[in-house]
Structure formats: structure tokens, C-alpha cells
Amino acid sequence: MTDAETERSPLLDVRGLSRRFDVSQPWLNRKLSGAGKLYVNAVDDVSFTVARGKTFALVGESGSGKSTIARLIVGLLEPTRGDIVFDGIWLGQGLKGAEARKLRRRFQMIFQDPLASLNPRWRVSDIIAEPLRVFARDMPARDPLLRVGELLALVGLSAEDGVKFPHQFSGGQRQRVAIARALAARPDFIVCDEPTSALDVSVQAQILNLMKDLQREFGLTYVFISHNLQVVRHMADEIGVLYLGRLAEVNKAKALFETPRHPYTRMLLDAVPDIEMTGRPRKRVEGEIPSPIDPPPGCAFHPRCPFMNERCRREIPRLVEGVACHAVEEGRI
Amino acid sequence: MTNDPMTTRQIEPVIPPRPPGLLRQALDSDMFYSWRNSPVTIVATFTAAALILVALLAPWIAPYNPFNPATLNLMDGFTPPMSEGAFSDNWFLMGADHQGRDVFSTIMYGSRVSLFVGAMATLFAMTLGVGLGLASGYNGGTIDAVIMRIADIQLSFPAILIALLIFGVARGLIPPSQQESMAIWVLIFAIGLSNWAQFARTVRGATMVERQKDYVAAARIMGVHPALILLRHILPNVLGPVLVIGTIGLALAIIEEATLSFLGVGVPPTQPSLGTLIRIGQQYLFSGEWWILFFPAVTLVLLALSVNLLGDWLRDALNPKLR
């Protein structure tokens, strides 16, 4: 591949990703009550690509499989089916040793609750220095402490904060520490799993702006997971809307907000409070997300969909030109 | 790195300061504050420290060496406390036993044996229990089921019975010529093995909670080896309850050793522990020589009580809900 082609090829390519969880009762309970095995398809046949230096956002209600996708991408979970291709390399079971370490250095994750994602018994310096230690062989040799000081400054903390423990910080500062740790090994890809939803609203914007600045500065690629549409609008270049483990719609951020096509996306956007709409009644999101253990047949959204017809009850819609909807496909909406 | 992104923005690198010294940290800690405000704990600390110090220094500070036959005078036997032997110049603070040994000195040497056995047994139980508990809680599945069923079975028997059983079996396996020298290690093994289950259960539960947390996920994403995750990340976070059980376990182990020695299956008579001394003493209690029993028993109570009180304090101090 030439440099130009590498430049154009996506950094992350997710193909037909599925993950099934076994949620059956223990064996003995099952035998006694005569119940069968139970599975949840938390993620079902999800495909998307993430371009270099861009932000791909995944939005959806709770239970839509957002976090599961994040964990599948970074390798905390193994996919039941499907492939994840990172910069032309298949992330599968086959990666071992130095090769795996080299690849791991390139991706990182920022978690929802920084209080849980930072070891409470470690000083902040040690937390930020951990990736430096783990990837010492793949990094230019430098004083790790100097780099820690640099990283602390980069995220807007002072070097003196290095001796403190995570519980001595506020939520926003803790998330800054988590970001510093994620950046320590100079990754080019970061999965952000609702990085601001545990924070005060006043702090959210600061963290989001910090993340945007860092993206511009280091050419980072983000997969950004959120249930907050305003946050996503601020951050994302491209958005995937998840419903019950399947992608309902994928589109450029601007297009998705201006001309939502899938009925579910429309419903979500109609529900977003808007300062220009003050006084006018807002349309509520009708119904609730069904149980993933017993999903409705056909299109999972059909019980809540105003455009539902007989075909929607039977047939699962495929993602065609960024929308998975029979009604759109048939030109009914 | 060809294009160092750090060059795009000028940041004056500052090295973070070093953490304060260990003593400073200890004096500034909440633990020390809670210790200073609990008079019972302060008394218990000094009692335990004094007993441990006396035991450690016994060969140098004991007035007599009760195991040196040259200094013993059998005719001094049963000398009451605070008096001089009838046939020697020896003065006995706590009296003399049936062989004319100074009870005060035998207690010093005896608590040495008791503390050594108790501490080593607790350490052994702790290492084994924490190791198995971590493995059990982190891996789950079959390993967890096997380890925990063994612990369940063992917990359904009294610890002393298990120790007796292990002691008996181990004794049978060791050639008679080495029994005397090995006895103390067999005892440590028996007491330790009968107490690991408490540690394992506590650590397993705490580990199962900790491994779900995102800081473990963050380490796993980096590809940190599971053994290192357990050692560096999870172990420091589950150590609090271990310290509490360890301290209370030390008191229990000392009592367990005393019980075994009292029953005559513990340390050999040439190395009497507090339990052995109590066993010897109770033979003379009804003939009026109370001091042979009384002083070792009081020492045992003081030792077990002070260590236990320390354990209680530790439990309260480490539990933020009780503050």
C-alpha cells in the first residue's frame, strides 16, 4: 500500500460484529425448574468503519449494546462472530507476544466512572506511568517521571498533583488523570465509553473540549460512546445509532442531525430539548426499549414504530445506504 | 518516533515531586489518628509490644536459663513467688516449678515459642489463603468451585480437630529420630493449614468485587499479565480485611497452639510453650502451688487479649462506615 492509500483506508473496520451472552440460570436450577438455556444478543451484526483522525460516535439507549461494542473493540470481550480490523491487522485470537504488545500500545480506553477506572491505592504518578512501564520496550527511552509531569500539564493538572491519590481529586480532575493515562503510551486510537456522563454538567464541556484539543494535536481517532445527543453532536464526525444491539442508522454527524432517516433517529432527535423550542410541547420518546432476552421478531423497533407494516413484523431490515428500515427502503417515508 | 506530537505545543516538563517518607505518611494517616484517639488500643499496643519484646529478648534479659541443668537446683522446686530458694541463693519473682525452674524465666522463653508458632502459622495460613482466594476470585469457574468446596468442608469442622488430624498424620510420616526437631514445624503446618479457609473466603469475595472494576479493565487492555494485575492492582485493594483477620487469627493461633500443647500433642517438653507450662501447672493446682499455673495463664490471656483488641481496632479503623 502506498502512503496515500494508507491515509485513506479506515483505521478501524468492524465487520458483522456479534456478541452473545449466556444468561441462563445455573445448571442445577435449570434442571429443577425445567428452564432452557437463555442467551442475549447484546451486539448483533454491527459493521462500521472509523476514518483516521475522526470521531465515530455510537449512540443508543441503555441496553442497546454500546458498551459491549467498546469492550469488544479493545479486546476485553471476544466476539461471538465478526471481525475487527485495526489498521489492516485482524484482531483475533492469533495475536501473541511482542506483536500484540505493539498493537495494544496503539489503542486505549477512557471509562465512564474515573473513580472506578483509577486504582484507589495508587498515586496518580504511578497510574499515569503504568502504560510507560508496560510498553517501555516500544517507547523511546526517557525519564518516565518527566513524561508524567508533561502529561499532567497536558491535561491541565500540575506536576504536584502526581503524589496525590485519585480520591483527593474532583470528578473532572479524575477524568483528566484517566485521559493522561490513556495518552501516556502515545496511542492513535482511543475508545471513550461515556467519558462525561458521570460528571457534572459544568465540567462535561471542559473535558469534551480537552478531548477535542488533544485529538487535533495528536491526530487521535476516537470511538465515542454516549447516550447524550448534544455531546455527540459536539464531538462526532460520524454517528451510528444503535437499537437493541443492531445499527439502525449510520451517517455523517451533520446529515444525521439535519435529515434523520430512520424512524428511531427521528424519535430521538424530536425528544432533544432545544432552546429555540422553549414553550412548544416536545414529542416524547414513545414506549421503551424491549428486553434483549426476548426481542420482537422482524425489525426490533416495530412495536414503537409509527410506520410499521406486516413486513416489519417478519423480516429483519438490513443496513442499506446507512439505514436499516423497510419503510425507508420502500420509500414510504 | 518520527513526528513527535509533543513538539506542537510547548510544555515545560516538570518532574512530579516524590511521595513523602513512609514515617510522615504513617503519622499523617487516618489510621494513626484513630489509634491516638482510642486509649484501649494504645494500652493493647504497648502490652502486646512489651510481651513481644520480652519474648524476643528472653535469652538476654531472663534472670535464669531454665533449660540449663547446671543452674537448676531440684531442691528449689515449688518455691513460692517473691522468695528465695530453700537450698540456693536463687530468688524467684514468680516462684519455681516442680523442677526448680524460675517460672518468670520459663514464661519468657515460653512466650517466645508461643509467639513464633502463632506468627509463623498465621503467616502460612495467610499466604496460602490469600493466594488461593485471589486465584479463586479472579478466575471463577471450576478452579473457584473446587477451592471453595474444600474450604467449605474444612470450615464445617472445628479448627482444633483439623489441626489434631494434620498433626497426627504428619507425625506418622516423619521418622521418629527427627520428630523432636521437626515437632515445631509440624505444629506450624497443622495450625496454619487449619486456618487458611477464612482468608481464602474473604479474599475471594473482595477479589470478585475488584476484578469487575474498570481499573482492572484498563490494565487488561494494556495487556498486563494476569499475575501482575492480581499482585499490583487487586492485592493492595483486598489487603484491608486480610490484615484484620490476620491479627485476630494471630491471637487464635496462639490459643490453638496453647490448646494443642495443653493436650500434650504440641511442642516437645524440651521447648515448653505457654500451653505446655499451663499443662504442667494444672497438675499442681490442687496441691496449693498455684503460681506454676497462674502466671503462664495470665501471660497467655494478656497476649491473646491485647492482640485481639488490636485486631478489633484495625477492623473498625479500616471500615469507613464506622467512622
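The shown structure was predicted, so the numbers you read here are calculated from the model rather than taken from an experiment. (Residues numbered from 1 in each chain as written. Chains lettered and ligands numbered in written order. Predicted model: local features only at pLDDT ≥ 70, side-chain atom pairs only at ≥ 80, totals over all residues. Heavy atoms only, no water.)

Student: Is there a simple way to think about helix 7 (residues 159–173) of chain B in this case?
Tutor: Structurally, the α-helix is built with 3.6 residues per turn, so residues lying three or four positions apart point the same way. All names here are of chain B. Counted at 1.5 Å a residue, the expected span for helix 7 with its 15 residues is 21 Å, and the 21 Å between its end C-alpha atoms agrees. All of the buried residues along helix 7 are Ile162, Ala163, Ile166, Phe167 and Ala170. The buried side chains of helix 7 occupy one side of the element, clustering within an arc of 130 degrees when seen end-on. Opposite the buried face of helix 7, by more than 90 degrees, sit the exposed residues Leu165, Val169 and Gly172. (Helix = DSSP H or I, 4+ residues; strand = E, 2+ residues; numbered from the N terminus. Expected span 1.5 Å × (residues − 1). Buried < 20%, exposed > 50% of the residue type's maximum accessible area, 1.4 Å probe, protein only. Arc of directions from axis to C-beta.)

Student: What am I meant to see in the packing of helix 3 (residues 39–56) of chain B against helix 13 (residues 291–318) of chain B here?
Tutor: All names here are of chain B. The contact between helix 3 and helix 13 brings their axes to 8 Å, and the two run at 135 degrees. Here helix 3 is positioned oblique relative to helix 13, judged by the angle of their axes. Here the hand of the crossing between helix 3 and helix 13 comes out left-handed. On the side of helix 3, the interface is formed by Val40, Thr41, Ala44, Thr45, Thr47, Ala48 and Leu51, while helix 13 contributes Thr299, Leu302, Leu303, Ser306, Leu309, Leu310 and Trp313. (Axes fitted to C-alpha atoms, helices over the stretch in contact; angles between N-to-C directions. Parallel < 35°, antiparallel > 145°, perpendicular 65-115°, else oblique. Left-handed = near helix turned anticlockwise from the far one by under 90°. Contact = heavy atoms within 4.5 Å.)

Student: Just to check I follow, could you spell out the domain arrangement of chain A for this structure?
Tutor: Quoted interface sizes are often the accessible area lost when the parts come together. All names here are of chain A. Along its sequence, chain A is organised into domain 1 (51–79 + 93–259) and domain 2 (261–333). Between the C-alpha centres of domain 1 and domain 2 there is a distance of 30 Å. Each side of the interface is counted separately: domain 1 has 18 residues, and domain 2 has 23 residues. Taken over both partners, the interface formed by domain 1 and domain 2 buries close to 1,700 Å², and the fraction arising from carbon and sulfur atoms is 65%. For the pair domain 1 and domain 2, the interface holds 1 salt bridge. Two residues, glutamate 61 and arginine 304, come together in a salt bridge whose shortest N-O distance is 3.3 Å. At the surface where domain 1 touches domain 2, the tally comes to 9 residue pairs in polar contact (both at pLDDT 80 or more). For the side of domain 1 that touches domain 2, the element with the highest residue contribution is strand 10 (residues 246–252), accounting for 5 residues. Here the side of domain 1 that touches domain 2 is built from residues that sort into 10 nonpolar, 5 polar and 3 charged. (Domains from an automatic or database assignment. Buried area = accessible area lost by both parts, 1.4 Å probe. Salt bridge = Lys/Arg side-chain N within 4 Å of Asp/Glu carboxyl O. Polar contact = N/O pair within 3.5 Å; in protein donor to acceptor, adjacent residues only side chain to side chain. Nonpolar A, V, L, I, M, F, W, Y, C, P; charged D, E, K, R; others polar.)

Student: Hey, could you run me through the interface of chain B and chain A in this one?
Tutor: Facing 31 residues of chain B, the contacting portion of chain A comprises 41 residues. Summing both sides of the interface, chain B and chain A together bury roughly 3,400 Å²; the carbon and sulfur share of this comes to 64%. Our count for the contact surface shared by chain B and chain A stands at 1 salt bridge. A salt bridge links arginine 71 of chain A to aspartate 214 of chain B, with the nearest nitrogen and oxygen atoms 3.1 Å apart. Along the contact surface separating chain B from chain A lie 11 residue pairs in polar contact (both at pLDDT 80 or more). Among the secondary structure elements, those contributing two or more residues to the side of chain B that touches chain A are helix 10 (214–221) and helix 11 (226–262) of chain B. Ranked by the residues each element gives to the side of chain B that touches chain A, the list is headed by helix 10 of chain B, at 7 residues.

Student: What is the right way to look at the environment of asparagine 309 of chain A in this model?
Tutor: Residues and elements named next belong to chain A. You can see asparagine 309 is positioned in the loop between helix 12 (263–271) and helix 13 (310–314). Through-space distance from the C-alpha of asparagine 309 to that of alanine 327 is 8.3 Å; in sequence the pair is 18 residues apart. When sequence neighbours within four positions are dropped, the list of residues in contact with asparagine 309 reads Glu330 and Arg332.

Student: I keep staring at the sheet that holds strand 1 (residues 12–22) of chain A and nothing clicks. Help me out?
Tutor: Backbone hydrogen bonds are what pair the strands of a sheet, in a parallel or an antiparallel way. Residues and elements named next belong to chain A. Read from one edge to the other, the open sheet built from 4 strands follows the order 2-1-4-5, with strand pairing classed as antiparallel. Because the sheet does not close on itself, it has two edges, and the strands there are strand 2 (39–50) and strand 5 (89–90). Where strand 4 (residues 81–86) meets strand 5, 2 bridges bridge the pair, whose relative direction is antiparallel. Directly across from phenylalanine 86, in strand 5, lies its bridge partner isoleucine 89. Sheet strands touched by helix 3 (residues 66–73): strand 1, strand 2 and strand 4. Its angle to strand 2, the strand with the most contacts, is close to 65 degrees. (Pairing = 2+ DSSP bridges.)

Student: Any chance you could explain the pairing of strand 7 (residues 189–193) of chain A here in plain terms?
Tutor: Residues in a regular strand project their side chains so that they alternate between the two faces of the sheet. Residues and elements named next belong to chain A. With 5 of its 5 residues buried, strand 7 lies for the most part within the structure. Side-chain alternation along strand 7 places Phe189, Val191 and Asp193 on one buried face and Ile190 and Cys192 on a second face that is also buried. Two elements, strand 6 (residues 107–110) and strand 7, share 4 bridges in a ladder whose sense is parallel. When the sheet's bridge partners are listed, isoleucine 110 is paired in strand 7 with cysteine 192. Sheet analysis places strand 7 next to strand 8 (residues 221–226), joined by 5 bridges and oriented parallel. Its bridge partner being in strand 8, valine 191 is matched across the sheet by valine 223.

Student: Looking at this structure, I do not really get the nonpolar core. What am I missing?
Tutor: One broad trend across soluble globular proteins is that nonpolar side chains are buried collectively. Residue and element names in this part refer to chain A. Counting 81 residues, the largest nonpolar core has Ile128, Ile179, Leu183, Met211, Leu214 and Ile239 as the members making the most contacts within it. Each of domain 1 (51–79 + 93–259) and domain 2 (261–333) contributes no fewer than three residues to this core. With 35 residues, the next largest nonpolar core counts Ile84, Leu91, Met109 and Val191 among its residues. (Core = buried A, V, L, I, M, F, W, Y, C linked by side-chain atoms within 4.5 Å.)

Student: I keep staring at the pattern of salt bridges and nothing clicks. Help me out?
Tutor: Pairs can form between side chains of opposite charge once their charged atoms are near each other. Residue and element names in this part refer to chain A. All told, the structure shown has 25 salt bridges over all chains when counted by the stated rule. The shortest N-O distance in the salt bridge between glutamate 258 and lysine 254 comes to 3.8 Å. Note that glutamate 258 and lysine 254 are positioned in helix 11 (residues 253–258) at a spacing of 4 residues, about one turn of the helix. Judged by relative accessible area, lysine 254 falls into the exposed class, the value being 62%. A salt bridge links glutamate 315 to arginine 311, with the shortest nitrogen-to-oxygen separation between them at 3.3 Å.

Student: What should I look at first to understand the side chain of arginine 101 of chain A in this one?
Tutor: Looking at the element boundaries, arginine 101 of chain A is found in helix 4 (residues 97–106). Aside from chain neighbours lying at most four places away, what touches arginine 101 of chain A is Val134, Phe135, Arg137 and Asp138 of chain A.

Student: When you look at a nonpolar patch on the surface in this model, what are you seeing that I'm missing?
Tutor: All names here are of chain B. On the surface, a cluster of nonpolar side chains totalling about 670 Å² of accessible area is made up of Ile52, Leu53, Val54, Leu56, Leu57, Trp60 and Ile61. Counting only elements with at least two residues in the nonpolar patch, the list comes to helix 3 and helix 4 (58–61). By residue number, the principal contributor to the nonpolar patch is helix 3, which donates 4 residues. Looking at the element boundaries, valine 54 is found in helix 3. The exposure class assigned to valine 54 is partly exposed, which follows from its relative accessible area of 30%. (Patch = residues over 30% accessible without salt bridge, like charges linked within 9 Å, V, L, I, M, F, W, Y side chains within 5 Å. Areas by Shrake-Rupley, 256 points an atom, 1.4 Å probe, with all protein chains shown as cover.)

Student: Mind showing me how you'd approach the pairing of strand 10 of chain A here?
Tutor: Residue and element names in this part refer to chain A. Taking burial as the measure, the 7 residues of strand 10 include 5 buried ones, the bulk of the element. Alignment of strand 9 (residues 238–243) against strand 10, held across 6 bridges, turns out to be antiparallel. In the strand pairing of strand 10, tyrosine 243 is matched with arginine 246. Where strand 9 hands over to strand 10, the hairpin turn is made up of 2 residues, of which leucine 244 adopts a positive phi near 50 degrees.

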